[in-house]
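Residue-level structure breakdown
Spelled out, the chains give:
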Amino acid sequence: MLDVKNRYFRSRALGDEVSLHVSQNVHYKSVRIDVFLVSDLVYPDHTYTYLVSRLCERGSRNYPSIRDLNTRLDELFGTYFLTDTLNLAGNSLLHLSVDIIDSEYCLRFGGNNPLNNACSFLFEVLFEPNLGLDGYPENVLDHEKKIIERDLASVLNDKVDYAQNRCIEETGRGTVWSVSSPGRFSDIENIDGKKIWNYHKNLISSCPIHVFLNGNVTEREVLMLENSLLRLLPKRQPCVVSPNPALRPQPQRKIFEIQSLSQAKYVVSHYTGPVLDAKFHAKLLVFNSLWGGDSHGILFRDLREKRGICYYVDSQVERFSGAIYTIVSCSDGDFDIVSSSIDQALNYMRQQQFPEEFLIQSKALIRNRLISAIFDRDSNLRINLSSIITEHEIELHKLSECVNNVTAHGVSEVANDLAKGVEYFLHDK
Amino acid sequence: MQISLDQDKYLDETLNVLEIEGLGGAWALPKSSFGNTVICISVASGSLSEPVYQGIDGIAHFLEHRIFWRNDKDVSELFADLGIEINAYTGLTTTDFVLVGSGDKQLCAAIDLLLDLLLTPTWSLTGLEREKDIVEHELGLYQDDPEWIGYHAALCSAYGKKRIAGEIAGDKTHLALIDLHKLMHWHELFYHPSNMMIFISGNSDIDRLFNLISEKVFSFNTDKILAQCSWKDVSYEKFCPNKNSEFKYIKNISITRPQVFLLFPLQPSLFQGGELVRMEVALELALDILLGPSGLVYEKLYLSGLIGGNSLDYETEIEKDFGFVTINVETDFPSEFCDQIYHSIGDILTGDLVKTDIERARKKALGSLVRSYETSEECVELLQFAEGLGVRPSAYTNALIDVTEEEVTEVVSIFLQSERRLGALLFPHGSKLPKIKIL
């Protein structure tokens, strides 16, 4: 029997909108600490947060250079350190994370327990970055701006991702759901070290902060982390970040873009409406599996196996925005055939024209994925975090039961309620 | 059925090894606390065997696609009935069939089904030509992936037209040569339990899985089907770099800035006499000392704007008959980047960088190794990786703990210090070609 009781996080408030979520699990060989600062997803702030995440990797008070910082991490048995920004549930998140191997192994390899040092390191990077006399050093800032400019331009390199992101942007146009990129270079082109440090200070004093601690840790170590955080936490004036409503259907649109390509990328969005309860969520998961999410899905069977018009076909549910995206990599001249095949396949789904055994297969696969997710550190963290942000708790066991109860009629209901949004076609001349 | 145990005393891991006649072997890492189990059946049928046996590029990969066809339909959905995911990949030396799921009953049924499909397929012409269309679409998809293009161009720079540098899936001309007879012949050559290894990790009852595997292998072998090849005894060329190899320039790629793919081919003749695992470990530490973010070289590259945030990647691929190191970067200054890398390799041999940095690099690598036991997927990858080096995972840990400064310096000297620069440079549309200095 699988032991799931230690997989969930126990939460407690440490201060004004500062929460600690702990999952003590003796089976992990490493300890993960993730810090999330949640703010509204608006420009230019979202780009500023991205810049802050890059600057956090440029050093701290005690480790003022990239080399000092990384040497410190290596001394702590190759502690992983990551900073990035995320768009989650229509919010902008600054994310910092460290992953430290369990003290037992450090001792065996002739070292000491690195957890205390890793905690101090993490909070120092967040609260006491490497500063000049008046904010971030201008040379460091200029360098990171250039890197951001390059990184943002590089989104063109991955054509499937690019096409999907463009479809997401167009589907959510005018709402927070249109933001698919980590930022816009024009927002930071002229920002100076003082202004971005002021923004950083504002983030740490006003954003809700969620700290997740996950691994084989003792109560004493949890307390040590709390103290390490509270010692550096500035005076707070927390703001409120409200959940975002899902997308409302808009008139259908077709957008064509030309780039030099070997194969065209077709992406279409369908509005699903808000996914607020477990029953609807379960139906949507099963629909997606029968649609393009799995190899017995209708699109895989029809577009790939029957007609041989593509190799790559996929569909993904965006639960928070309330949309499903279908992606096909096909020939340049195949827009019409792919578009009409997808419309036809959706009609089949609406009329329940799919074998009962496929429904059973989808349910079996999804139930197993949900069980695996309970034991997967990243999935577990993401589910807990999104439950907090959206104020809708997802219980994977309950969701799994709901999946079990999904009927062919339920799947056809989902298909009937889907409204086509944007068809985005990235193709060669 | 004989099961032996191999303990890793540093990491508290116990490898269960099943040794039975007529099977390449089965390795399992039990993990009762995990939420699933991953089972990989690895068949030593890869692209490198193609020139030796049939001369059709892509036939190993094509068979991977067709193996799930039974009675004129794709039966991979039968795994979904059990709630088990199935995936397959073809590489240079193996084709791997991977099952992911949970439940002893379901996993036993899935492994039973998979072994049936692999060992006793049914053959049909239906869908054969359409499958070629699908593979052509797959090849087309990769042509939009700059990393894929750069990787193959870099291999081509070192190995010319040898199979190691080509697309695993072949090309249109070779696909056209594939017919049912050739597929059946390829299957007969390679798809035998003697030519397979099974890697398992997760929360299942390992004894039960081992029992099932033993029974299946026994019943297959009593049918007296003789093995044509056995695990790790498949013939393929030893892949040495060409004498007239040269740097490749590829223009007009749909990317935003140049991408450099440096390649350091390893001479297989130099593997002899040393343990492969120690060479791999020494190379891993050398590359971290040379290019890791704690090093002087990385700092210099970063601060001078030659590399961006996460744009520098390096990797080692080493097996008994071939090996190479790749270093990839997206940079506006490819010539300067290449100069810097080659100078730094020289510096590492003349200065005391290895001496001062080896313990830091070792600590970091040990931390990484501990983490690779955190999920079923990573555990199976680690088992395959160690097996590819000819050792059990505990031997890999031991090598990492005691590899010496001299060994690290030696691998830099024999493998990375190169007289010729090899690799590929991809250019965006409309940009002028800078010159890479060819030494």
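Residues numbered from 1 in each chain as written. Chains lettered and ligands numbered in written order. Predicted model: local features only at pLDDT ≥ 70, side-chain atom pairs only at ≥ 80, totals over all residues.

Digging into the overall build of chain A
Within chain A, the secondary structure is distributed over 16 helices and 11 strands. Relative to the 2.2 N^0.38 estimate, which gives 22 Å for 429 residues, the radius of gyration of chain A is 23 Å and therefore close to what a compact globule would have. If one aligns the C-alpha atoms of chain A with their principal axes, the spans along those axes are about 65 × 55 × 40 Å. In chain A, the share of contacts with a sequence separation of at least 24, taken over all contacts with a separation of at least 6, comes to 80%. (Helix = DSSP H or I, 4+ residues; strand = E, 2+ residues; numbered from the N terminus. Rg over C-alpha atoms; globule rule 2.2 N^0.38 Å. Contact = placed C-beta atoms within 7 Å.)

Brief notes about the overall build of chain B
A count of helices and strands for chain B gives 16 helices and 14 strands. In terms of overall dimensions, chain B is globule-like: its C-alpha atoms have a radius of gyration of 23 Å, near the 22 Å expected for 439 residues. Along the first, second and third principal axes, the C-alpha atoms of chain B reach 60 × 50 × 40 Å. Taken over 439 residues, chain B has a buried fraction of 49%. (Buried ≥ 20, exposed ≤ 12 C-beta atoms within 10 Å, placed from the backbone.)

Quick word on the domain arrangement of chain A
Residue and element names in this part refer to chain A. As far as domains go, chain A holds domain 1 (10-156 + 164-232) and domain 2 (253-427). The gap between the C-alpha centroids of domain 1 and domain 2 is 32 Å. With 20 residues of domain 1 at the interface, the matching set in domain 2 holds 20 residues. Counting residues per element, the ones that place at least two in the side of domain 1 that touches domain 2 are strand S3 (30-40), helix H6 (159-171) and strand S6 (209-215). Looking at which element gives the most residues to the side of domain 1 that touches domain 2, the answer is H6, with six residues. Tallied by class, the residues present in the side of domain 1 that touches domain 2 amount to eight nonpolar, eight polar and four charged. (Domains from an automatic or database assignment. Nonpolar A, V, L, I, M, F, W, Y, C, P; charged D, E, K, R; others polar.)

Some words on the nonpolar core
Judged by nonpolar contacts, the single largest core of 257 residues is most densely connected at Leu122(A), Leu290(A), Ala26(B), Leu285(B) and Ala286(B). The greatest single-element share of this core, amounting to 10 residues, is contributed by helix H10 (residues 276-291) of chain B. Ignoring anything within four residues of it in the chain, the contact list for Ala286(B) reads Val408(B), Val411(B), Val412(B) and Leu416(B). (Core = buried A, V, L, I, M, F, W, Y, C linked by C-beta atoms within 7 Å.)

Some thoughts on helix H13 (residues 356-375) of chain A
Three- or four-residue spacings in an α-helix give side chains the same orientation, since the helix completes a turn every 3.6 residues. Across its 20 residues, H13(A) extends 30 Å between first and last C-alpha, which sits within 8% of the 28 Å expected from 1.5 Å per residue. Buried residues dominate H13(A), accounting for 16 of its 20 residues. (Expected span 1.5 Å × (residues − 1).)

Comments concerning the domain arrangement of chain B
The parts lose accessible area when they come together, and the size of an interface is often stated as this lost area. Residue and element names in this part refer to chain B. Looking at the assigned domains, one finds that chain B contains domain 1 (2-222) and domain 2 (248-428). Here the C-alpha centre of domain 2 lies 28 Å away from the C-alpha centre of domain 1. Each side of the interface is counted separately: domain 1 has 32 residues, and domain 2 has 31 residues. Where the side of domain 1 that touches domain 2 is concerned, the elements lending two or more residues are strand S1 (2-8), strand S2 (13-19), strand S3 (25-30), strand S4 (37-43), helix H6 (146-159) and strand S9 (196-202). The leading source of residues in the side of domain 1 that touches domain 2 is H6, at 10 residues.

With respect to the pairing of strand S14 (residues 423-428) of chain B
Residue and element names in this part refer to chain B. Here strand S10 (residues 248-253) pairs with S14 via four bridges, running parallel. Paired with Ile-253 across the two strands is Pro-428, which belongs to S14. Looking at chain direction, strand S11 (residues 259-265) and S14 are connected through four bridges and run antiparallel. For Gln-259, the partnering residue across the bridge sits in S14 and is Leu-426. (Pairing = 2+ DSSP bridges.)

Quick word on the interface of chain B and chain A
Taken together, the contact pairs 50 residues of chain B with 54 residues of chain A. Among the secondary structure elements, those contributing two or more residues to the side of chain B that touches chain A are helix H3 (77-81), helix H5 (128-142), helix H11 (296-303) and helix H13 (353-371) of chain B. Tallying contributions element by element places H13(B) first for the side of chain B that touches chain A, with nine residues. Classifying every residue of the side of chain B that touches chain A gives 14 nonpolar, 20 polar and 16 charged.

Focus on the environment of Ser394(B)
Residues and elements named next belong to chain B. Relative to the helices and strands, Ser-394 resides in helix H15 (residues 393-402). With 386 residues separating them along the chain, Ser-394 and Asp-8 place their C-alpha atoms 4.7 Å apart. The contact partners of Ser-394, leaving out residues within four places of it in the chain, are Asp-6, Gln-7 and Asp-8.

Looking at the sheet that holds S10(B)
Residue and element names in this part refer to chain B. Within the open sheet, the five strands sit side by side as S10-S14-S11-S13-S12. Their pairing is mixed. Each having just a single partner strand, S10 and strand S12 (313-319) make up the two edges of the open sheet. If you compare each strand with its neighbour and ignore which way they point, the axes differ by 15 degrees on average. One ladder, built from seven bridges, connects S12 with strand S13 (residues 322-330); its direction is antiparallel. (Axes fitted to C-alpha atoms, helices over the stretch in contact; angles between N-to-C directions.)

Observations concerning the packing of H10(B) against helix H16 (residues 405-416) of chain B
All names here are of chain B. H16 packs onto H10 with a crossing angle of 90 degrees between their chain directions and a minimal axis gap of 8 Å. Looking at the two axes, H10 sits roughly perpendicular to H16. Judged by residue contacts, Arg-278, Met-279, Ala-282, Leu-283, Leu-285 and Ala-286 of H10 engage Glu-407, Val-408, Val-411, Val-412, Phe-415 and Leu-416 from H16. For the contact of H10 with H16, the class distribution of residues is 10 nonpolar, no polar and two charged. (Parallel < 35°, antiparallel > 145°, perpendicular 65-115°, else oblique.)

Section: the confidence of the model for chain B
Averaged over every residue, the pLDDT of chain B is 90; residues scoring 70 or more account for 96%. In the model output, the complex is listed with pTM 0.93 alongside ipTM 0.90. (pLDDT = per-residue confidence, 0-100.)

Considerations on helix H11 (residues 298-306) of chain A
All buried positions along H11(A) are accounted for by Ile298(A), Leu299(A), Phe300(A), Leu303(A) and Arg304(A). Taken together, the buried residues of H11(A) touch helix H10 (278-293), strand S9 (313-318), strand S10 (323-330) and helix H12 (335-350) of chain A together with H5 of chain B. Backbone geometry just after H11(A) places Gly308(A) at a positive phi near 60 degrees.

Observations regarding unusual backbone geometry
Pro44(A) follows Tyr43(A) through a cis peptide bond whose omega is 5 degrees. A positive phi angle, near 50 degrees, is found at Phe77(A), a position not held by glycine. Checked against the element boundaries, Phe77(A) lands in the loop between helix H2 (66-75) and strand S4 (80-88). The phi dihedral of Asn252(B) falls on the positive side, at around 55 degrees, and the residue is not glycine. Residue placement: Asn252(B) occurs in strand S10. On the basis of neighbour counts, which here come to 12 C-beta atoms within 10 Å, the residue Asn252(B) falls in the exposed class.

What about the pairing of strand S1 (residues 10-15) of chain A?
Counting buried residues in S1(A) gives zero out of six residues, a small share hidden from the surface. Counted between consecutive antiparallel strands, the loop separating S1(A) from strand S2 (residues 18-24) of chain A contains two residues, among which Glu17(A) sits at a positive phi close to 55 degrees.

Considering the sheet that holds S6(A)
Residue and element names in this part refer to chain A. An order of S1-S2-S6-S3-S5-S4 is seen for the six strands of this open sheet, with the pairing classed as mixed. Sheet topology places S1 and S4 at the edges, where each strand pairs with a single neighbour. Taken over all neighbouring pairs, the strand axes of this sheet differ in orientation by 20 degrees on average, direction set aside.

Observations regarding the packing of H10(A) against helix H15 (residues 396-404) of chain A
All names here are of chain A. At a minimum axis distance of 8 Å, the contact between H10 and H15 shows a crossing angle of 60 degrees. If you check the angle between H10 and H15, you find them oblique. Read as a crossing pair, H10 and H15 show a hand that is right-handed. Of H15, the residues touching H10 (which contributes Ala-278, Lys-279, His-281, Ala-282, Leu-285 and Val-286) are Lys-398, Leu-399, Cys-402 and Val-403. Of the residues belonging to the contact of H10 with H15, the class tally is seven nonpolar, one polar and two charged. (Left-handed = near helix turned anticlockwise from the far one by under 90°.)

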